[in-house]
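# Chains, contacts and geometry: an overview
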Amino acid sequence: MNKTNPIRLSVIVSALVLCGTVAFAEFNPFGSTKASAALESSAQIRAIHKAQFTERDGLLSDLEQRVGASREALGKLTLSDALRDDLKKADDALASGIRKARDSSAENWEIVRSELAGLLSAYASVVRQADEATSK
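Residues numbered from 1 in each chain as written. Predicted model: local features only at pLDDT ≥ 70, side-chain atom pairs only at ≥ 80, totals over all residues. Heavy atoms only, no water.

## Some words on the overall build of the chain
When you go through the chain residue by residue, the secondary structure sums to 5 helices and 0 strands. Mapped from its N terminus to its C terminus, the chain presents α and β elements in the order α-α-α-α-α. A buried classification covers 37% of the 136 residues belonging to the chain. (Helix = DSSP H or I, 4+ residues; strand = E, 2+ residues; numbered from the N terminus. Buried < 20%, exposed > 50% of the residue type's maximum accessible area, 1.4 Å probe, protein only.)

Right, dumping it as structure tokens:
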């Protein structure tokens, strides 16, 4: 019998969405300084609000990849100390929210995903501020 590892549809869809974002958004994996482009925050926030508990792992993996790409782009920017502090606070809060979402149960998923969407919105706002500060 041929045994294969089943791959969840949500993981495949998340991977395709990420590839589409990389291909068509302002984000350039080869050195773009647009840190906010990797987040595609409004689409991500909608996806978080719509995500069912069974889609949690794929959603969080996709979000972590986007945040990682954003962090990489942010690392190349020259920012004020105050903005760096704001970014660190927002990043730490979002990372904590992602961990909480990974540990969530089906019973508290609606509350956790709502909190996660708020944390992503706050993080994306600070990242946009960083992009704007470096483009002036």
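Let's pick the thread back up.
## Looking at the packing of aromatic side chains
Within the structure shown, the criterion is met by 1 aromatic pair. Ring geometry for Phe53 against Trp109: centres 6.1 Å apart, planes inclined by 70°, an arrangement best described as edge-to-face. Of this pair, Phe53 sits in the loop between α2 (41–50) and α3 (56–74) while Trp109 sits in helix α5 (residues 109–135), and the two are 56 residues apart along the sequence. (Phe/Tyr/Trp six-rings, centres within 6.5 Å; stacked < 30°, edge-to-face > 60°.)

## Observations concerning the pattern of salt bridges
Within this structure, the stated rule accounts for 7 salt bridges. For the salt bridge of Glu64 with Arg102, the shortest nitrogen-to-oxygen distance reads 2.7 Å. One end of the pair, Glu64, is in helix α3; the other, Arg102, is in helix α4 (residues 81–102), and 38 residues separate them in sequence. Accessibility expressed as a relative area gives 36% for Glu64, which makes it partly exposed. (Salt bridge = Lys/Arg side-chain N within 4 Å of Asp/Glu carboxyl O.)

## Some words on the side chain of Asp91
For Asp91, the location among the structural elements is in helix α4. Not counting residues within four places of it along the chain, the set of residues in contact with Asp91 comprises Val67, Arg71 and Tyr123. (Contact = heavy atoms within 4.5 Å.)

## Digging into the environment of Trp109
A relative accessible area of 3% means that Trp109 is categorised as buried. Not counting residues up to four positions away in its chain, the partners in contact with Trp109 are Ala51, Gln52, Phe53, Arg56, Leu59, Ala101 and Ser104.

## Re α2
For α2, the set of buried residues is Ser41, Gln44, Ile45 and Ile48. Along the axis of α2, the buried positions cluster into a sector of 100°, meaning they face one direction only. If you follow the buried residues of α2, they end up packed against α3 and α5. (Arc of directions from axis to C-beta.)

## Observations concerning the confidence of the model for the chain
On average, the chain scores 80 in pLDDT, and the residues at 70 or more come to 75%. Per-residue pLDDT, averaged within each element of the chain, yields its smallest value for helix α1 (residues 9–24) (46) and its largest for α4 (95). This model gives residues 16–33 a pLDDT under 50, and the stretch forms 22 contacts once residues within four places in sequence are excluded. (pLDDT = per-residue confidence, 0-100.)

## Section: the packing of α2 against α5
Running from N to C, α2 and α5 cross one another at 175°; their axes reach a closest spacing of 9 Å. Between α2 and α5, the angle falls in the class roughly antiparallel. Residues Ser41, Gln44, Ile45, Ile48, His49 and Lys50 of α2 form the contact with α5, whose participating residues are Arg113, Ser114, Leu116, Ala117, Leu120, Ser121, Ala124 and Arg128. Its residues placed into classes, the contact of α2 with α5 shows 6 nonpolar, 5 polar and 3 charged. (Axes fitted to C-alpha atoms, helices over the stretch in contact; angles between N-to-C directions. Parallel < 35°, antiparallel > 145°, perpendicular 65-115°, else oblique. Nonpolar A, V, L, I, M, F, W, Y, C, P; charged D, E, K, R; others polar.)

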